[in-house]
Amino acid sequence: MDVMPKWADVVLVPLISLIIAALLSALLILAIGESPVAALKLMIEGTLLRSSGWGYMLYYTTNFIFTGLAVSVAFHAALFNIGGEGQAMMGGLGVALVCLFIPWPHWSFAIIGASLGAAVFGMIWAGLPAYLQAKRGSHIVITTIMFNFIAAGVLNFFLVGALKPKGSMDPATANFPASTHLPTFEDMASLMGFEKMFRAAPANVSFFLALVACVLVWFLIWRTPLGYEIRAMGKSEPAARYAGIGSVKIIMVAMMISGALSGMMAINTTQGESERLILNFTEGAGFIGIAVALMGRSHPLGVLLAALLFGFLYQGGAELALWTKIPRELIVVIQALVILFTGALSLMVRGPLERLFLSLRQRG
Amino acid sequence: MDFLTLLQVLDSSLRLATPLLLACLAGLFSERAGIFDIGLEGKMLAAAFLSAAIAATTGSVWLGLLAGIGASLLLSAIHGLASITLRGDQIISGVAINFLAAGLTVVISQDWFGQGGRTPPLLSGGRFEPLSLPGAVPAKEISQAGPFMQLYSELFSGHSLLVYVALLMVPLTWFVLYKTRFGLRLRAVGENPAAVDTAGISVVGLRYAAVCICGILCGIAGAYMATALQAGFVKDMSAGRGFIALAALIFAKWRPWYALGACLLFGFFFAVDNRFQNILLPAWAMSGVLLALGCGLFAYVRNKTLLDRIVLGGLGLGLAIVATLITLSNLSAGLDSMIKIPVVFIQSLPYVLTVVVLAGFVGKAIPPRSGGVAYVKEK
Amino acid sequence: MVFQHFKLVENFTVLENIVLGAESGAFLAPSLRKARAELAELAAEYELNVDPDAVIEEIGVGMQQRVEILKALYRRANILILDEPTGVLTPTEADQLFRILGRLREEGKTIILITHKLREIMDITDTVSVMRRGEMTATVKTSQTSPENLAELMVGRKVLLRVDKAPAQPKQHVLEITDLNVVDDAGVTRLTDVSLSLRAGEILGIAGVAGNGQSELLEVLGGYQSATGSVKVNGAALDLTGADSDGQSRRANGIAHVPEDRQREGLIMDFTAWENAVFGYHRDPAHQSNRFFMDNAAIKAATAAKMQRFDVRPPNPNLTAQNFSGGNQQKIVLAREIERNPDLLLIGQPTRGVDIGAIEFIHQQIVALRDQGKAILLVSVELDEILSLSDRVAVMFDGQIMGERDPAKTNEKELGLLMAGVTGEASS
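Bear in mind that the values here come from a model prediction, so they are computed numbers and not experimental data. (Residues numbered from 1 in each chain as written. Chains lettered and ligands numbered in written order. Predicted model: local features only at pLDDT ≥ 70, side-chain atom pairs only at ≥ 80, totals over all residues.)

In this section: the overall build of chain A. When you go through chain A residue by residue, the secondary structure sums to 15 helices and 0 strands. Dimensions of chain A, computed from C-alpha atoms along their principal axes, come out at roughly 75 × 55 × 40 Å. By the burial criterion, 58% of the 364 residues in chain A qualify as buried. Across chain A, every contact between residues at least 6 apart in sequence was considered, and the portion connecting residues at least 24 apart equals 76%. (Helix = DSSP H or I, 4+ residues; strand = E, 2+ residues; numbered from the N terminus. Buried ≥ 20, exposed ≤ 12 C-beta atoms within 10 Å, placed from the backbone. Contact = placed C-beta atoms within 7 Å.)

What follows is the structure, given as structure tokens:
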């Protein structure tokens, strides 16, 4: 029998984990000598009460939606894809190649091409570790971590070598042609007559791409035969064997979809914001994707909400760093606590909850 | 390259290999007992920070060392709680610990010292100074000494205490693991905890012991980085060493002496990378090697499934294309012109090697059988 | 205790395994020395020869079992419990084991042998206790009993759930198995030269104690165990080599499979009833609303109807499989497989863990399917089920078909003997 009702499992557990993480972080803030309440107030003012704050927040959220979806899809197949960083980097390479070497008439064409490039490169980068896991039994966690480092090396190689414009000292590519530049929220708001909104914020159309991705992933996982097979394999490998679902195929396909999603993050950062390929543009988003997927229970809606939360934390953290003694790394601590309590210590939250529901049921 | 330079590179390799070696042995104890530890990186970082912080504040490097070990043990305790008692996912726990360390070290150090996430530079009492072995020749006179004296003075002497400790840890680990009762039981619990349980030994106790040892060794590794290799803590200073140690562990097939070899090899790559920015190879050699690898892959997949042919064949094709590009772009300058091996290639070599080992192309790397799986007593 | 599944550390040596947990002191060297000396003594005394430095995963299963016995003896055990020890041994190895056990008995050790093989019991035991359904039903001296007597005690007199059925009207051959051989990953032979045939409109019951090859037979036919030999369904030969994903092609060949372990294989416990209702058939275009998507609404409606037809309680397609009782879970699987209208239905342990009311229903469904002209291969450890449902019975023991009988003309005693490996001729 299900001990906890479904809603408790899906909502309560992450919520309580979040609350514990928040409380511990508050303690940390106190220890530094700042007031947690004041910190929260600052964060809210800086992100939610200003349109440019939303602009920054949604920019980060876009990244986290993509990487969170990526980790989620892999989780459904019971695979842990830690390689989001590396896959995103390669996605960036794909975007750069597409934007720099193909003359696009308009950004709406460019974004399609760049999406293809990002997805394909991300797919390949995830496909290699997947192949090794499926065929040679190499543990996907370690191979994807290694591939993260190798990707950084590859990116480095291209940015100080082949793709760097002559005479430039920056390890970065040339600026992408103007026809590939994506409209930002600011641009879109101006078009609709709202001047002075989202000023200078980096959020751009790829946010909507991320939303579309959420919907597509939902349809894929819960409405298609492939999604059915992915979930079945993730839940029970012996049962999948009985049903004739090939494990090699599922591992490869799930990871490649995951890699493609991670790669797509680069549309936001590389084509949307920096408009050229730079080093270290991923800024840990691949890892935050893990926290987002765990909090969002691998469901696109949960991922969206968790990505919003982390976008808020990220931008709020930047505000805190600006105005208080609290460094940006506090967000990393919160992220770690969330992962710890939703992922590894979940029994600590689940156990008492299940006992509570059991006793309620016995009493009622 | 002359003999002295070689010695200096080897000397540097040893110093750079030391944190790797300690972390690798830490991971060895943990994984041999069946607990996957992805969190070596975080533990080293935490230890580096706390040891530097305490050493800077108290002026005593020994207190710093103890503090560093303490920090690492704390994180180990969390990992142990999550993996053993709560039977949670060990990978997720490790990942969380890495982030926790990365975040906390900066937040606390910023609050404590206000220097943007670093600790103040350590003065002489707060560092492990290089030790000169008796009879060694000081650095100034070394170029005049004979080869054996050079070997002795450069390579063997002049390291800080922790380097010698790390080297000693290898035979010690070997002895504990293979020659003591504890080691036998530890290895058994990583392979078949049911066998250990039915023999009346506590699986939980053994695993916590392993996690403890892991914490201590990681603590020493971190302390070394901050108080010997460098002089103070800097944000993210572990720089992926924890993962490289993991890679070395797999490369070494979970054995102590091979671990020494693997870590020295990786240390060598780092030393070379530091010292030589320009390694040159003739063009024909470069493209030749790549072409040979590519053809090797093609030949390998001749009779394999479609998937194998696409993936490995694609890889081979990629290598062949790179080889062709190199050849073409050097035709005018002559095929024996020297090209520089990209620096990133040397830097990525440890990671690529690990993947090759994991893929089973260099013999099978079989981890402890019950690694990563929480033990549940059968009724 | 010598478990059926050995508790040995595979990459340790024999000596290390014996010493584990019984070391003398913190350092290994003295423990190993002592063990080595004692091992030599034990070997001399009981003929338990093993190479102390051999690595466990490289020695044969017979040797591994010896190591388990030595472990017990090293710890000065006076009572030895062996659980199905000969399941993994060749006849010669089994004889050697019994010689050793005999010598241990002479030394005053007490040995408890858990086995279903009557030959062994008659050959070496002094007393026999029969256990059935968790209870000790009889204890007799071996000298005062016989294989037939034991078979009767094992199988028991039970009220047979007689199913009303018309005589079978078998038609064309649906399944032809010739010389099927299966060797598992550990190198142990699971099926030896199995040959069977099955016709449409017929129920062939496979009787036998669990672990004698029936599971492997079902897995081969179900498409996830590779084998050598020949299997033809409706004249078309099946590919027996793929062990990864042949389940789909089996279904395409008109084979449906109700597996023995419904919770591990037949259902995904975390999936809802409607998701489980298409498990294995999720790619069928009939369940798609268009090229890309499955028609979840239609599947749910169809499942609700199925649940009514098969009396699954509660008839709620949205509950996860965990929430149903064993009998209702089985009905969900059965409904799914039967309603595919297969030419050949494989059923393993259809009423294991199923309550009495559901058992009757399930039996009726099976007979109804037969009467529609389908071929049914029924595997069960419950003899009364086999006898009441089957049109023909084949008995499996040790991976071989011991014989075929007509259920109307045989009885439990005869089948029980075959199940325990006793043929009419002198045993080999």
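Residues and elements named next belong to chain B. For the pair helix α1 (residues 3–32) and helix α9 (residues 203–229), interaxial distance at closest approach is 7 Å and the crossing angle is 170°. Between α1 and α9, the angle falls in the class roughly antiparallel. Residue-level contacts link R15, T18, P19, L22, A23, L25, A26, G27, F29 and S30 of α1 to A210, V211, I213, C214, L217, C218, I220, A221, Y224, M225 and L229 of α9. (Axes fitted to C-alpha atoms, helices over the stretch in contact; angles between N-to-C directions. Parallel < 35°, antiparallel > 145°, perpendicular 65-115°, else oblique.)

Turning next to the interface of chain C and chain A. Contacts between chain C and chain A engage 28 residues on the former and 21 residues on the latter. Secondary structure elements with two or more residues in the side of chain C that touches chain A: α8 (247–252) and α9 (262–266) of chain C. Here the side of chain C that touches chain A takes 4 residues from α8 of chain C, the largest share from any one element. When its residues are assigned to classes, the side of chain C that touches chain A shows 8 nonpolar, 12 polar and 8 charged. (Nonpolar A, V, L, I, M, F, W, Y, C, P; charged D, E, K, R; others polar.)

Quick look at the domain arrangement of chain B now. Taken as a whole, chain B is organised into domain 1 (7–275) and domain 2 (280–340). A C-alpha centroid distance of 38 Å is found between domain 1 of chain B and domain 2 of chain B. (Domains from an automatic or database assignment.)

Further remarks concern the interface of chain A and chain B. A common way to express how large an interface is: the accessible area buried when the components associate. Listed by partner, the interface residues are 39 residues for chain A and 40 residues for chain B. Those elements that provide at least two residues to the side of chain A that touches chain B are α1 (6–32), α5 (107–136), α6 (140–160), α12 (285–295), α14 (329–344) and α15 (346–363) of chain A. Along the lines of polarity and charge, the residues of the side of chain A that touches chain B split into 27 nonpolar, 8 polar and 4 charged.

Residues and elements named next belong to chain C. Taken together, 6 strands build an open sheet; the order of strands is β10-β11-β12-β7-β13-β14 and the sheet is mixed. Of all strands in the sheet, those bounded by a partner on one side alone are β10 (255–258) and β14 (400–405). The average angle at which neighbouring strand axes cross in this sheet is 20°, direction not considered. Relative to strand β13 (residues 392–397), strand β7 (residues 202–207) runs parallel, the two sharing 4 bridges. Of the residues in β13, the one forming a bridge with I206 is A394. Running over the sheet, helix α7 (residues 214–222) touches β7, β10, β11 (344–348), β12 (375–380) and β13 and is turned about 145° from β11. In this fold helix α15 (residues 412–419) packs onto β7, β13 and β14, with an angle of close to 35° to the strand it touches most, β13. (Pairing = 2+ DSSP bridges.)

Residue and element names in this part refer to chain B. Axis separation between helix α12 (residues 283–300) and helix α13 (residues 306–330) bottoms out at 8 Å; the angle between their running directions is 160°. The angle between the axes of α12 and α13 places the two elements in the roughly antiparallel class. You can see that α12 and α13 cross each other, and the crossing is left-handed. From α12, A283, M286, S287, L290, L291, L293, G294, L297, F298 and Y300 reach across to α13, where they touch L312, G313, L315, G316, L317, L319, A320, V322, A323, I326, T327 and N330. Residues of the contact of α12 with α13, tallied by class, amount to 16 nonpolar, 6 polar and no charged. (Left-handed = near helix turned anticlockwise from the far one by under 90°.)

Before going further, it helps to spend a moment on the sheet that holds strand β5 (residues 173–183) of chain C. Residue and element names in this part refer to chain C. Read across the sheet, 4 strands follow the order β6-β5-β8-β9 without closing on themselves; strand pairing throughout is antiparallel. Two strands in the sheet have a free side with no partner beyond their single neighbour: β6 (189–199) and β9 (236–237). Relative to strand β8 (residues 228–233), β5 runs antiparallel, the two being bridged by 5 bridges. Opposite T178, over in β8, you have S230 as the bridge partner.

What follows covers the environment of K71 of chain C. Residue and element names in this part refer to chain C. By the element assignment, K71 lies in helix α3 (residues 61–74). Exposure remark for K71: the 25 C-beta atoms within 10 Å place this residue in the buried category. Linking K71 and A22, residues 49 residues apart in sequence, is a C-alpha distance of 9.2 Å. With residues near it in sequence (within four places) discarded, K71 still touches N17 and I18.

Here we take up helix α13 (residues 356–371) of chain C. All names here are of chain C. Over its 16 residues, α13 extends 23 Å from the first C-alpha to the last, a length consistent with the 22 Å expected when each residue adds 1.5 Å. Among all positions in α13, only A358, I362, H363, I366, L369 and R370 are buried. For α13, the angular spread of the buried residues around the axis is 135°, confining them to a single face. Residues of α13 that are exposed and angled more than 90 degrees away from the buried face: G357 and A368. Against the buried residues of α13 lie β7, α12 (326–338), β11, β12 and α14 (383–389). One or two positions beyond α13, positive phi appears at G373, with a value near 95°. (Expected span 1.5 Å × (residues − 1). Arc of directions from axis to C-beta.)

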